[in-house]
Amino acid sequence: MIEIAIWFIARSLIYTHTIWDNKMNKKETIKTPSKLRQMAEKLLSKKEKGTEMSFSESENKKLIHELKVHQIELELQNDELKLAKERAEMDEKKYTELYDFSPSGYLTLSRAGEILDLNIKAADLLGKERSKLIKSSFGFFVSPDTRSDYNSFLQNVFETKLQQTCEFNLVLDNDCIKNVLANGTISSVDGKFLMALVDIEKLKQVERELVISKNKAEENDRLKSAFLANMSHEIRTPMNGILGFAELLKTLTLTVESQREFVDIIQKSGIRMLNIINDIISISRIESQQTDITIAHTNINEQVEYMYHFFRLEATQKNLYISFKNALKLNDAFILTDKEKLYAVLTNLVKNAIKFTKTGSIELGYDVKGELLEFYVKDTGPGITDKQQKNIFDRFRQGSESLTENIEGSGLGLAISKAYIEMLGGEIWVESSIGQGTTFRFTIPNHPDNEKKELLQTIVEEEIRLKKKLKILVVEDDEHSRMLFNKIIKPFAGNYYQAMNGNEAVEVCLHNPDVNLILMDIRMPGMNGYEATRQIREFNKEVVIIAQTAFALPEDREKAIEAGCNGYISKPINRLDLIALINQYLN
Ligand code: ADP
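Every chain begins its residue count from 1, and numbering advances along the sequence as written. Local features in this predicted model are restricted to residues of pLDDT 70 or higher, and side-chain atom pairs are both shown and tallied only at a pLDDT of 80 or more, whereas totals for entire chains, interfaces and linings draw on every residue. With hydrogens and water stripped out, all remaining heavy atoms of the structure feed into the side-chain values.

### Section: the overall build of the chain
(1) Moving on: Of regular secondary structure, the chain possesses 19 helices and 17 strands.
(2) Moving on: With 587 residues in all, the chain has 40% of them scored as buried.
(3) Moving on: A contact between two residues is defined here by any heavy atoms of the two lying within 4.5 Å. Taking the contacts inside the chain whose residues are at least 6 apart along the sequence as the reference set, 62% of them involve residues at least 24 apart.
(4) Moving on: For the chain, the accessible area works out to roughly 34800 Å², and carbon and sulfur atoms hold 54% of it. Runs of H or I in DSSP of at least four residues are treated as helices and runs of E of at least two as strands, each being numbered from the N terminus. When accessible area is computed with a 1.4 Å probe and restricted to protein chains, residues below 20% of their type maximum are described as buried, those above 50% as exposed, and intermediate ones as partly exposed. Exposure was quantified through the Shrake-Rupley algorithm and a 1.4 Å probe, taking into account, for residues, occlusion by the shown protein chains and nothing else.

Shown next as structure tokens:
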């Protein structure tokens, strides 16, 4: 009996001890019997072999009592152990959760850099499943350009046993590069390499953006000074012309010819100054986001032709051959866009082409590229270097910023053009090589203006057809233009007259006081259109006179109105526009 009791106590002790050992995570206790167990088992075998021991009844009672107490003690101890075990499991779970869901990546590496353990975040950073990363080399994920930094970091931490940091790049499977900050130390428990990883890609991005902003701010500062110097020069030069020649006009006795020449210089200088001021206003409006887009019916063929006529004289004076190309037929050339912006961009590009080209030619036009219209202005000028091509669309930038080179311009034209084209939903770029010339190209969406086409072709034509009673006089010295008018205008005329110069026009009007519409050419041999209009107005205030001319300068329109015309249209005449104009005045 007593032997059983002793054995029981000994086993209980062994059991208790094993649980404690388990709790302490020393699993070997289960496999190799503890010393206590060995002792107990020895004791038991000795007892089994040992001499008979006899106990009195009272001793037996006492022993049984002690055994019972001891059993209760063991049961209480067992409960406590269970509780402690649960708590330990909870703690372990908490630790695992903390480890796994930490916002930083944690890894345990061997001395050779092999991954022994890692948390979920670390696996995320490496872009693979955790189980697939165990036993792989961490160095494999480090980008070649930063691998030596990582290797020395690993080595240093092992040698010094001190905590150290290092920045390097990770290359992931999709070739994406991540900038990380690593914090490494040696575990005091097992001597392994412990590493915490933080993704600093966003931080680095912000840092890079800050550096760019800082550089840009410094660059802007420098550009503003250069701009001020340039503006000062640009304003002073024409001012010099204006004030200097005004002074000369005042003080000297001059021939009429010299006076004209001086006034001409003053006028040109004034225009140059106005251009600068307009550019400054445009760029300020763009920068303060006050530039509006006004989408309207636009005849792009007319715009291109207008440019051609507008700049032909200036180009010819420089001995440059200028030509244009329209890709669409008249009926398809109506689109919806901002006419004024398109006009401003084309003007700037053609102006530059003429300004920078010394010999050769300039061509402007457009092609249809899918949903887009691609405009171009091509010249045979000096070309622009690759380096300059990067700057010229920036505001205040001139290709050459040398102070010795005196080329007229604010350096704003291309910046304004770029802003306008982007507002219209297009792109602008340059193709150029030194000595070969330059082509500026830009795109705008090709939104066909079907509404305008239909409107003009149906409603307007019908309205005019009702006016079959119209008596129309076409004044035109050029035979082909007369033929064109026959085709366009005659269908709407009750009576149709033609005159080849101003004198004939006045005659026709004198004999036909009921003429209601005159299409008046301006430049004609003999009496020109201005003079003819003036004379007709002396006896007929009612007739609608529309001037039509190839000189499409704004001043021409004013001159025509001053002479007594009601309206103005530029050649080549666009049929639908002419019909709309006639309709407007005769209503
Ligand atoms: P600017 O008023 O000075 O002409 P822009 O913004 O219109 O300003 O042009 C910027 C710079 O681009 C010019 O100073 C010039 O160096 C270069 N550039 C523009 N167009 C041409 C061209 N057709 N040929 C050569 N260089 C050009």
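### Some words on unusual backbone geometry
(1) Moving on: One non-glycine residue with positive phi stands out, namely Lys-135, at about 80°.
(2) Moving on: Along the chain, Lys-135 falls in the loop between helix 6 (130-133) and helix 7 (147-160).
(3) Moving on: Positive phi, normally seen in glycine, also occurs at Asn-319, with a value near 65°.
(4) Moving on: Within the element layout of this structure, Asn-319 appears in the loop between helix 10 (300-317) and strand 7 (320-325).
(5) Moving on: Among the residues examined, Asn-319 registers a relative accessible area of 68% and is labelled exposed.

### What to know about the sheet that holds strand 11 (residues 428-433)
(1) Moving on: Whether two strands pair depends on DSSP finding at least two bridges between them. What the five strands build is an open sheet, ordered 7-9-10-12-11; its pairing is mixed. The sheet is open, and its two edges are formed by strand 7 and strand 11, each paired on a single side. Averaged over all adjacent pairs, the angle separating strand axes in this sheet is 15°, with direction ignored.
(2) Moving on: One ladder, built from eight bridges, connects strand 9 (residues 360-369) with strand 10 (residues 372-379); its direction is antiparallel. For Val-368, the partnering residue across the bridge sits in strand 10 and is Leu-373.
(3) Moving on: Across the sheet, helix 10 lies against strand 7, strand 9 and strand 10, angled at about 175° from strand 7, the strand it touches most.
(4) Moving on: All axes are obtained by fitting lines to C-alpha atoms, using only the stretch in contact for helices, and the reported angles, taken between N-to-C directions, cover 0 to 180 degrees. Running at roughly 20° to strand 10, helix 11 (residues 339-356) makes contact with strand 7, strand 9, strand 10 and strand 12 (437-445) of the sheet.

### A short note on the pairing of strand 10
(1) Moving on: Of all eight residues in strand 10, six are buried, a share of seventy percent or more.
(2) Moving on: The turn linking strand 9 back onto strand 10 is made up of two residues, and Gly-370 within it adopts a positive phi angle of 60°.
(3) Moving on: Pairing between strand 10 and strand 12: eight bridges, direction antiparallel. By the bridge assignment, Leu-373 is partnered in strand 12 with Ile-444.

### Some thoughts on the packing of aromatic side chains
The geometry of an aromatic ring pair is captured by two quantities: the separation of the ring centres and the angle between the planes.
(1) Moving on: Ring pairs shown here join Phe, Tyr and Trp side chains whose ring centres sit within 6.5 Å, with only the six-membered ring taken for Trp; geometry is labelled stacked below 30 degrees between planes, edge-to-face above 60, and tilted in between. This model, assessed by the stated rule, comprises 16 aromatic pairs.
(2) Moving on: Look at Tyr-99 and Tyr-106: their rings are 6.0 Å apart centre to centre, the planes differ by 15°, and that puts the pair in the stacked class.
(3) Moving on: Counting every residue linked through ring pairs, the aromatic cluster contains Tyr-306, Phe-310, Phe-311 and Tyr-343.
(4) Moving on: In this structure, Lys-341 packs its charged tip against the face of Tyr-420, placed 5.2 Å from the ring centre. Only when the NZ of Lys or the CZ of Arg is both within 6 Å of the ring centre and within 35 degrees of the ring normal is a charge said to sit over the ring.

### Regarding helix 4 (residues 57-100)
(1) Moving on: Compared with an ideal rise of 1.5 Å per residue, which puts 44 residues at 64 Å, helix 4 spans 63 Å between its outermost C-alpha atoms and is within 8% of the ideal.
(2) Moving on: Turning to helix 4, its buried residues number three or more, namely Leu-67, His-70, Leu-74, Leu-81, Ala-84, Tyr-99 and Asp-100. Multiplying 1.5 Å by the helix residue count minus one yields the expected span of that helix.

### A word on the nonpolar core
(1) Moving on: Ile-300, Ile-322, Leu-373, Phe-375, Phe-440, Phe-442 and Ile-444 are the most contacted members of the largest nonpolar core, which has 45 residues in total.
(2) Moving on: Residue contributions to this core peak at seven residues, all from helix 11.
(3) Moving on: Those residues within four positions of Leu-373 in sequence are excluded, and the remaining contacts are Ile-300, Leu-328, Ile-335, Tyr-366, Asp-367, Val-368, Phe-442, Thr-443, Ile-444 and Asn-446.
(4) Moving on: Leu-133, Val-142, Leu-172 and Val-180 belong to the second largest nonpolar core, which has 27 residues in total. Only buried residues count toward a nonpolar core. Its members are Ala, Val, Leu, Ile, Met, Phe, Trp, Tyr and Cys residues joined through side-chain atoms within 4.5 Å.

### Re the sheet that holds strand 1 (residues 105-109)
For sheets, the rule is that strands pair by backbone hydrogen bonds, running either parallel or antiparallel.
(1) Moving on: Reading across the sheet, the five strands line up as 2-1-5-4-3 and stay open at both edges, with antiparallel pairing between neighbours. Taken across any chain shown, the strands that pair with only one partner, and hence form the sheet edges, are strand 2 (115-118) and strand 3 (164-171). The average undirected angle you get between the axes of adjacent strands in this sheet is 30°.
(2) Moving on: For strand 1 and strand 5 (residues 193-199), the ladder comprises five bridges, and the chain directions are antiparallel. By the bridge assignment for strand 5, Gly-105 is matched with Leu-197.
(3) Moving on: Running at roughly 120° to strand 4 (residues 177-186), helix 8 (residues 201-251) makes contact with strand 3, strand 4 and strand 5 of the sheet.

### A short note on the confidence of the model for the chain
(1) Moving on: Per residue, pLDDT measures the predictor's confidence, with a range of 0 to 100. Residues of the chain with pLDDT of at least 70 account for 85%, and the chain-wide mean is 83.
(2) Moving on: Confidence scores differ between elements of the chain, with helix 2 (residues 28-31) showing the lowest mean pLDDT of 40 and strand 10 the highest of 96.
(3) Moving on: Confidence drops under pLDDT 50 across residues 4-8; counting only partners more than four residues distant or on other chains, this segment forms five contacts.
(4) Moving on: Low pLDDT (under 50) marks residues 401-405, which in the prediction has four contacts with non-local residues, meaning those over four places away or in another chain.

### Some remarks on the pattern of salt bridges
Close approach of charged atoms allows side chains with opposite charge to pair.
(1) Moving on: Salt bridges are defined as contacts in which a side-chain nitrogen from Lys or Arg sits within 4 Å of a carboxyl oxygen from Asp or Glu. Inspection of the entire model under this criterion finds 19 salt bridges.
(2) Moving on: Linking Glu-89 and Lys-85 is a salt bridge whose minimum nitrogen-to-oxygen distance equals 3.5 Å. One end of the pair is Glu-89 and the other is Lys-85, both in helix 4 and four residues apart, which spans about a single turn.
(3) Moving on: Residues participating in the shared-partner salt-bridge network are Lys-369, Glu-374, Glu-431 and Arg-441.

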